[in-house]
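This is what each chain is made of:
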Amino acid sequence: MSKNVLEVKNLSVSFNTADGEVHAVDNLSFDLQAGEVLAIVGESGSGKSVTASSIMGLLTAGNINLRGSIKLNEFEILGAKESEIRKLRGSDIAMVFQDPLSSLNPYYKVGVQIGEAYETHHPGASKEEVRNKVIEVMKKVGIPEPEKRIDSYPHEFSGGMRQRVVIAIALINDPKVLIADEPTTALDVTVQAQILDLMRDLQKTSNTSIILITHDLGVVAEMVDRVLVMYAGRAIEINEVKDIFTSPNHPYTKGLLSAVRSLDNGVREKLDTIPGTPPSLLNIPQGCAFNPRCSYQKWVGEKCLIQKPELISVGNSFSACYLSKADIDRMNNDDKPVVS
Amino acid sequence: MARFIVRRLTFMIFLLFIVSITAFLLFSVLPVDPASLSCGQHCTPEKIAANRIRLGYDQPLIQQYLTYMKGIFAGRNYGEGAQAFTCPAPSFGYSFYRGQCVTEMITNALPATISLTIGAAIIWLTMGIGLGVISAMNKGKFQDRVSTGLAIFGLSMPTFFIGLLLIYIFIIWLQIFPFPSYTPFLDNPFKWAQALILPWFTVAIVSAALYTRLTRDGMLETMSEDYVRLAISKGLPRRKVLVRYVLRGAITPIVTIAGLDIAVLLGGAIITESVFGLPGMGRLALNSVTDSDLPVIAGITLITAFIVVVANALVDILYAILDPRVRLES
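Note that the structure is predicted; figures quoted are calculated from it, not measured.

S.K.: Honestly, the interface of chain B and chain A in this entry has me stumped. Any pointers?
M.R.: Contacts between chain B and chain A engage 17 residues on the former and 25 residues on the latter. For the side of chain B that touches chain A, the elements supplying multiple residues, two or more each, are α9 (226-233), α10 (238-266) and α14 (324-329) of chain B. It is α9 of chain B that provides the largest number of residues to the side of chain B that touches chain A, a total of six residues. A class-by-class count of the residues in the side of chain B that touches chain A yields eight nonpolar, two polar and seven charged.

S.K.: Explain unusual backbone geometry to me, please; I cannot follow it from the model alone.
M.R.: Negative phi characterises most residues that are not glycine, and trans characterises most peptide bonds. The omega angle of the peptide bond from Ala89 of chain B to Pro90 of chain B is -5°, so this bond is cis rather than trans. Residues other than glycine seldom take positive phi values, yet Asp174 of chain A does so here, at roughly 45°. Tracing the chain through its elements places Asp174 of chain A in the loop between α7 (159-171) and β7 (177-181). Backbone geometry places Asn207 of chain A, a non-glycine residue, at a positive phi of 60°. For Asn207 of chain A, a count of 11 C-beta atoms within 10 Å corresponds to the exposed category.

S.K.: Help me out: how do you make sense of the pairing of strand β8 (residues 209-214) of chain A in this one?
M.R.: A regular strand places its side chains on the two faces of the sheet in alternate fashion. All names here are of chain A. Judged by how many residues are buried, β8 sits mostly within the fold: six of six residues are covered. Neither face of β8 is open: one carries Ser209, Ile211 and Ile213, the other Ile210, Leu212 and Thr214, and all of them are buried. In terms of strand pairing, strand β3 (residues 37-41) meets β8 through five bridges, oriented parallel. Paired with Leu38 across the bridge in β8 is Ile211. For β7 and β8, the ladder comprises five bridges, and the chain directions are parallel. Within β8, the position partnered with Leu178 by the bridge is Ile210. For the segment spanning β7, helix α8 (residues 189-206) and β8, crossover handedness is right-handed.

S.K.: Explain the sheet that holds strand β12 (residues 317-319) of chain A to me, please; I cannot follow it from the model alone.
M.R.: Note on sheets: strands pair through backbone hydrogen bonds, and any given pair is parallel or antiparallel. Residue and element names in this part refer to chain A. The eight strands lie next to each other as β6-β7-β8-β3-β9-β10-β12-β11, forming an open sheet whose pairing is mixed. Bordering the open sheet on either side are β6 (93-96) and β11 (312-314), each of which pairs with just one other strand. This sheet shows a mean twist of 25° between the axes of neighbouring strands, independent of strand direction. For β3 and strand β9 (residues 226-231), the ladder comprises four bridges, and the chain directions are parallel. Across the sheet, the residue bridging to Val41 is Val229, located in β9.

Thresholds applied
- Residues numbered from 1 in each chain as written.
- Chains lettered and ligands numbered in written order.
- Predicted model: local features only at pLDDT ≥ 70, side-chain atom pairs only at ≥ 80, totals over all residues.
- Contact = placed C-beta atoms within 7 Å.
- Helix = DSSP H or I, 4+ residues; strand = E, 2+ residues; numbered from the N terminus.
- Nonpolar A, V, L, I, M, F, W, Y, C, P; charged D, E, K, R; others polar.
- Buried ≥ 20, exposed ≤ 12 C-beta atoms within 10 Å, placed from the backbone.
- Pairing = 2+ DSSP bridges.
- Right-handed = clockwise from strand over helix to strand, strands pointing away.
- Axes fitted to C-alpha atoms, helices over the stretch in contact; angles between N-to-C directions.

The structure is reproduced here in structure tokens:
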């Protein structure tokens, strides 16, 4: 059994707004093992990015309520002093953001911005040492001619190269956990593949654990070990990647998978969609948050409308759904309740 | 960068040329006749006609313009024989009302205005940006409300009112300062500062408000930038993020507006100078308008235009230094 580097337990995040309390994350628990790649998948507003920000300790505004526990190597992040979290940020735990075009400060050379991440955590480092370290990490992330490019400004780089710079910033201190928040969404398809390859290679050589936040199931299939599916702030399924594509446990996961075009059958069929829209976080439906959009609710009945299903273990995976094992199998055989 | 500067300077000269023509044309259509103004008490039509010839107003407009422009570069001679005199280059004409070369009058007025502007700018930038930073860092809290409130108070008070208020409080009521009488800096720096401190604050209180707003809004906008989030997630200390990332991102528009504000102020702070009796460009302009002293008004117009255009060019160059992206585009 590998060791958990990150343990999230009963994490709840809510924002006080003028319209009321918004529950962005609700009672979320998961763990991340050393060297593991975990994907967090879900639609916009499902709480993926808020979860990432909580782990980074970035949610400090006065109108945010945080409950539960986030432990990084046994260190409790929630409620820790800002100065203590700061020591972890960029060293033990690093983050790559979605848009490389806006992630870099336009006013400073990339070498300075990469070096800063090292200097902050190595206060005694000489200029020479920082520079060598920067060139080394730039080489590692595949930026050509690092000795020259170290003095370039971000706008002199392409989108893909900028994302490599951002990854270099994240990796310069060999973090134990890397959170990548949709790292390829803003990039061209060909560049996406390069960046994913790079991340996979780096992950293999350094044994860094990665949390990959994405809504791209293609990316998930390519480089992930386990998948956490979120809906309206809750975890609704946690499953091995090899199982999730063939036998998902939750109707929502099933819906997400059906909404992906498959090239295998070669038939020009209409793309399946999940009917309806994700609920407003101000007004989450009673019972299972997914029930108004769920095609399989009929098999369960009233229960879905009344009581929130807890995340329970189904075989070696977890699901928050009242469907029985038999019904899950029926669902995966494309059996659907009759629409009356 | 060098090419950028050269191009900017060429454009600047072209702009000044246009301003000079416009100003000259405007003054030539005014119903004020300098020849009769400078005629004195016992005026006759003959005297006016002679005056007109002496001053060159009988010449065609284009000739007058060329003479005027030549004067700026080569100086200009007036009158003949024993009455002849010269206004050395750069000559902006001669005030017959005051009996002085315009250039001399302007150079006499400039030090007071420059002193006022520089001092006031230092105070309003410190005050404005300082309050803006405090506001932005405490958005929505008590400190934010107080700074924003102060800024709006400053913005909504007329200059003359603040000036008179300060005179009343500090000179008449508390008697901290004597009534200001301008002393050149080189004569007595202490008295210089003593005379200027209230005018400085008068200008600063009015101007700071805009900078508080600009700094506050600029910083709040920058704070939500991805690169600031990345800076925080690098583990940089809060102060470093604030100065190197947030303030750095907000400062560029402030530099632009400060440059132009300072330039306009150098053309004369008419109200402040009048309230405090400072012998600067503003008071000179006001007096010249009251006296219909056209050559002086024309001179001040050109000098002010020159200062604004130069400041504009400097701001552009500074902008290119501050923002590496601008450098590339040029």
